[in-house]
Protein chains: 2
Amino acid sequence: MKSLEEKILREGIVLDGDVLKVGSFLNQQIDVDFLFKMGDEIARAFADEHITKVLTVEASGIAIAVAAAHYINVPVVFAKKSKTINVHGEVYSARVHSYTHCIDNNIIVPKDYLSPNDNVLVIDDFLANGKAFEGLIEIANQAGSQVAGCAVAIEKGYQGGGDNLRAKGYKVHSLAIIDEMSAGGIKFRK
Amino acid sequence: MKSLEEKILREGIVLDGDVLKVGSFLNQQIDVDFLFKMGDEIARAFADEHITKVLTVEASGIAIAVAAAHYINVPVVFAKKSKTINVHGEVYSARVHSYTHCIDNNIIVPKDYLSPNDNVLVIDDFLANGKAFEGLIEIANQAGSQVAGCAVAIEKGYQGGGDNLRAKGYKVHSLAIIDEMSAGGIKFRK
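Residues numbered from 1 in each chain as written. Chains lettered and ligands numbered in written order. Predicted model: local features only at pLDDT ≥ 70, side-chain atom pairs only at ≥ 80, totals over all residues. Heavy atoms only, no water.

Asks: Tell me what's going on with the overall build of chain A, and back it up with residues and numbers.
Replies: Each helix and strand counted, chain A has 5 helices and 11 strands in total. Taken over C-alpha atoms, the radius of gyration comes to 16 Å for chain A, in line with the 16 Å a tight globule of 190 residues would show. In terms of overall dimensions, chain A has a C-alpha envelope of 50 × 35 × 30 Å along the principal axes. Nonlocal contacts in chain A, meaning residues at least 24 apart in sequence, comprise 60% of its contacts between residues at least 6 apart. Of the roughly 8400 Å² of accessible surface on chain A, a fraction of 47% belongs to carbon and sulfur atoms. Averaged over its 20 positive side-chain charges, chain A has a centre that lies 2 Å from the centre of its 24 negative ones. (Helix = DSSP H or I, 4+ residues; strand = E, 2+ residues; numbered from the N terminus. Rg over C-alpha atoms; globule rule 2.2 N^0.38 Å. Contact = heavy atoms within 4.5 Å. Areas by Shrake-Rupley, 256 points an atom, 1.4 Å probe, with all protein chains shown as cover. Lys, Arg positive; Asp, Glu negative; His and termini not counted. Charge placed at Lys NZ, Arg CZ, Asp CG, Glu CD.)

Below, the structure written as structure tokens:
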């Protein structure tokens with residue numbers, strides 16, 4: 001998505017330690033007009049897949065999941081992060097390591113919200129090492145749901161998570177894939 | 001909003017301890033079609049207010065804030081919750097007690113995203129004691145922004161937070177106001 005690449009170059013800030021800040025339009029501040037353009041693009045990429053639910057994880061995945069689900073016309077389910085394991089058996093859960101915050105989270109979804117009848121599109125704002133996507137796919141698997149694929153605004157291609165998912169057979173649609181990033185510049189995958 | 005009252009009666013679950021569960025359409029699972037009807041309703045209520053930004057707090061406020069901002073055609077800014085106080089002075093912050101989770105959170109917004117030129121609409125999914133709204137208003141005040149008003153899907157009227165805000169002169173638009181709630185039933189304000 002050329003317009004996203006241009007926006008990243010114009011408004012994104014590369015920090016030390018491999019961090020791309022896009023908080024001015026995709027995180028703590030959300031350019032809603034642009035968000036819906038991204039959502040529309042994701043919906044078009046999966047138009048033939050008979051999606052029944054969009055699955056994401058709080059908090060930064062919710063906005064783009066809602067925008068895509070608006071065009072696909074299905075509900076959003078978002079996993080919550082929890083430091084404790086729910087022992088009541090009423091939830092699907094997976095363990096996800098956050099490299100950003102250096103902690104392990106359990107992500108949980110109540111069993112009521114996913115079923116074997118669902119064909120799930122997994123969405124998040126960023127895909128780097130792919131741990132969040134793997135956790136969400138694990139939750140979909142626990143529910144017996146099909147996974148139609150993964151969609152993301154920005155994939156850090158050089159971290160390999162997206163290509164790992166592709167190697168496993170998942171359709172991964174990234175609106176922008178960064179193959180090199182440094183203070184000197186950003187190179188997108190062609 | 002009659003359709004929201006009907007949806008609460010049909011799909012909401014009243015639990016012990018004064019909890020209304022609407023996770024099947026407004027929290028961990030989001031009925032996106034209905035979400036945008038609520039967003040449209042909020043946008044209409046503030047159509048003459050020249051809103052420049054919608055302000056909310058992660059995580060459950062993000063979806064309805066995005067839906068309303070889509071119709072108002074302005075960016076969303078969401079506050080993050082943090083247990084530590086940021087001492088770098090790059091953020092606006094306020095202390096908010098969560099009665100649901102029995103903890104104090106600092107909610108923070110980077111200074112880049114609010115300014116004295118902004119006329120802010122504060123949005124959340126629930127309004128009970130009003131602490132989250134007060135914290136968000138405090139952040140808007142720190143930024144020198146105007147506060148055009150507050151909008152919420154479900155107000156627990158009997159907890160008084162909404163009426164406190166009205167008494168302070170804020171325009172508060174709630175799509176449904178619950179004045180009584182028990183296992184026996186729910187009464188909405190006329």
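Asks: I'd love a proper account of the interface of chain A and chain B, names of residues and values included.
Replies: Facing the 30 residues of chain A at the interface are 30 residues of chain B. Note on chain A versus chain B: buried area summed over both sides is about 2400 Å², and carbon and sulfur give 62% of it. Of all residues in chain A, Gln-28, Gln-29 and Tyr-113 of chain A give up the largest surface area on contact with chain B, accounting jointly for 28% of the area buried on that side. There are 0 salt bridges connecting chain A and chain B. The tally of links between chain A and chain B comes to 14 residue pairs in polar contact (both at pLDDT 80 or more). Put simply, the parts of the chain that give the side of chain A that touches chain B at least two residues each are β3 (29-30), α2 (32-45), α3 (62-72), β5 (76-82) and β7 (103-110) of chain A. (Buried area = accessible area lost by both parts, 1.4 Å probe. Salt bridge = Lys/Arg side-chain N within 4 Å of Asp/Glu carboxyl O. Polar contact = N/O pair within 3.5 Å; in protein donor to acceptor, adjacent residues only side chain to side chain.)

Asks: Outline the pairing of strand β8 (residues 119-127) of chain A, listing residues and values.
Replies: One face of the sheet, then the other: side chains in a regular strand alternate in exactly this way. All names here are of chain A. Counting buried positions over the 9 residues of β8 gives 8, a clear majority of the element. Of the pairings in the sheet, the one linking strand β4 (residues 53-57) to β8 comprises 3 bridges and is parallel in character. Bridge pairing in β8 links Leu-55 to Val-122. Where β8 lies against strand β9 (residues 146-156), 8 bridges are found, and the strand directions are parallel. From the neighbouring strand, Asp-124 faces β9, where its bridge partner is Val-152. A crossover links β8 with its parallel partner β9, the connecting element being helix α4 (residues 131-142), and its sense is right-handed. (Buried < 20%, exposed > 50% of the residue type's maximum accessible area, 1.4 Å probe, protein only. Pairing = 2+ DSSP bridges. Right-handed = clockwise from strand over helix to strand, strands pointing away.)

Asks: Give a description of the environment of Val-74 of chain B that names residues and reports values.
Replies: By the element assignment, Val-74 of chain B lies in the loop between α3 (62-72) and β5 (76-82). Taking the relative accessible area as the measure of exposure, Val-74 of chain B reaches 9% and is therefore buried. With 12 residues separating them along the chain, Val-74 of chain B and Ile-62 of chain B place their C-alpha atoms 14 Å apart. Setting aside its immediate chain neighbours within four residues, Val-74 of chain B contacts Val-32 of chain A together with Ile-51, Thr-52, Lys-53, Val-54 and Ala-69 of chain B.

Asks: Report on unusual backbone geometry, specifying residues and quantitative values.
Replies: The amide bond that connects Glu-58 of chain A to the next residue, Ala-59 of chain A, takes the cis arrangement and shows omega of -10 degrees. Take Ala-59 of chain A: it is sitting in the loop between β4 and α3. Residue His-50 of chain B is not a glycine yet carries a positive backbone phi of 55 degrees. Relative to the helices and strands, His-50 of chain B resides in the loop between α2 (32-45) and β4 (53-57).

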